[in-house]
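# Coordinate inspection notes
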Amino acid sequence: MNLRPFIRTAFPLLAAILSLLSWTSRSNADQAGFTPGKLHVVLAGDSTVTDNAGWGKGFANCLQNAECINLSKGGRSSKSFIAEGSWKKALALKPDYVLIQFGHNDQPGHGDRETDPQTTYKQFMTQYVDDAKAAGIKPLLVTSLSRRQWGADGKIHSTLQPYVDVVKAIAAEKNVPLLDLHSLSIAFYEKEGKEKIIELSPKKNADAKSANSDTTATANKSVDGTHLNEKGGPIIGAMVAAELKKVVPELAPHIK
C-alpha cells in the first residue's frame, strides 16, 4: 500500500523530510560514480597523490573532456590500500584508466604497512596491474615522487630507488605504460636547486630526525621534503599530465 498520498495530506512536514531524504540519496548516488560521456580516470596512491598534499588536483586540472576521481589516501602503502578495500572501490568505478603510485609508506619504518621491494611490494604492484586488466581498465604505473633528500653535493639521494626499480620492471614485463615521476622530479629538483624547491614544500613540526625524515628539524620546525604545498601540487601535477601525453599519445586530446 502506498502511504505517500496520505502522508502528504496529513503530515506535510514528514512528507517534506521524506522528500529531502530521497533527494539526498539520489544526490549521493550520482556523486558515487562518473559522469557519462567523458573519459574516466582514477588515481590510486598515497598522500603524495592526494589533492591536498600531492599532485592529484594539479593533474586533474590539466584534463579536458575527462573526469578524474582521486581515491588516494595519506599513509597508504601498496599493501594497506588493498587491505582496507580502497582498491576494490577503484575497480568498482570501472574507469577507462587508473594511475597507480605507491612506495613511500612501503619503506622501512612504517610498521605493518611496509613491504619488501623484491617480494611483497612486487606482489602487490603486480596485483594492481593484473586486477585492472581483468576488469577491463587500462593501468598506468607511476614511480614514486622523489623525496627531497639533498646530499652535500647538492644532488638528491633518494631512498626510494629499490621500489622504483620494481615498478619499472613490472611495467616492462606486463607491457604497461610507465610514468617515471621519480626521475622527472629528481631532475626538476636538481635543476631548480634546494632553496627554490623549498617554495614547493609545506612546513612541518618535528622533534627529531627519523629514518625516513627528509630534513633535520630546526627549532622544532622543518621543511616537509615529501609532500607538496598549494604551489608544488599544480607544478608536479602538470608534469605528470605532460608526461602522460608522451607515454600514452591517445590521451593527448584530453590534456590541456
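None of the values given here were measured: they were computed from a predicted structure. (Residues numbered from 1 in each chain as written. Predicted model: local features only at pLDDT ≥ 70, side-chain atom pairs only at ≥ 80, totals over all residues. Heavy atoms only, no water.)

Attention shifts here to the side chain of Ser-72. Relative to the helices and strands, Ser-72 is located in the loop between strand S2 (66-70) and helix H4 (78-83). Within polar-contact distance, the side chain of Ser-72 engages the backbone nitrogen of Gly-45 at 3.0 Å. Residues contacting Ser-72, with those up to four places away along its chain left out, are Leu-43, Ala-44, Gly-45, Asp-46, Val-49, Thr-50 and Phe-81. (Helix = DSSP H or I, 4+ residues; strand = E, 2+ residues; numbered from the N terminus. Polar contact = N/O pair within 3.5 Å; in protein donor to acceptor, adjacent residues only side chain to side chain. Contact = heavy atoms within 4.5 Å.)

Moving on, we get to the packing of helix H8 (residues 181-192) against helix H10 (residues 232-247). Axis separation between H8 and H10 bottoms out at 11 Å; the angle between their running directions is 130 degrees. By the angle between their directions, the pair H8 and H10 is classed as oblique. Between H8 and H10 the crossing geometry is right-handed. Within the contact between the two elements, H8 uses Leu-181, Leu-184, Ser-185 and Phe-188 and H10 uses Ile-235, Ile-236, Met-239, Val-240 and Glu-243. (Axes fitted to C-alpha atoms, helices over the stretch in contact; angles between N-to-C directions. Parallel < 35°, antiparallel > 145°, perpendicular 65-115°, else oblique. Left-handed = near helix turned anticlockwise from the far one by under 90°.)

Note that Gly-56 resides in helix H3 (residues 56-60). When the C-alpha atoms of Gly-56 and Leu-43 are compared, they prove to be 7.4 Å apart, with 13 residues separating the residues in sequence. Residues contacting Gly-56, with those up to four places away along its chain left out, are Leu-43, Val-49, Thr-50, Asp-51 and Asn-70.

All right, on to the pairing of strand S4 (residues 138-142) then. The buried fraction of S4 is high, at four of five residues. Pairing of strand S3 (residues 97-101) with S4 involves four bridges; the strand directions are parallel. Considered in S4, the bridge of Val-98 is made with Pro-139. Crossover handedness for the path S3 to helix H6 (residues 117-134) to S4: right-handed. As judged from the two bridges shared by S4 and strand S5 (residues 178-179), these two strands associate in the parallel manner. Considered in S5, the bridge of Leu-141 is made with Leu-178. As for the winding sense of the linkage, the β-α-β connection from S4 through helix H7 (residues 161-174) to S5 is right-handed. (Buried < 20%, exposed > 50% of the residue type's maximum accessible area, 1.4 Å probe, protein only. Pairing = 2+ DSSP bridges. Right-handed = clockwise from strand over helix to strand, strands pointing away.)

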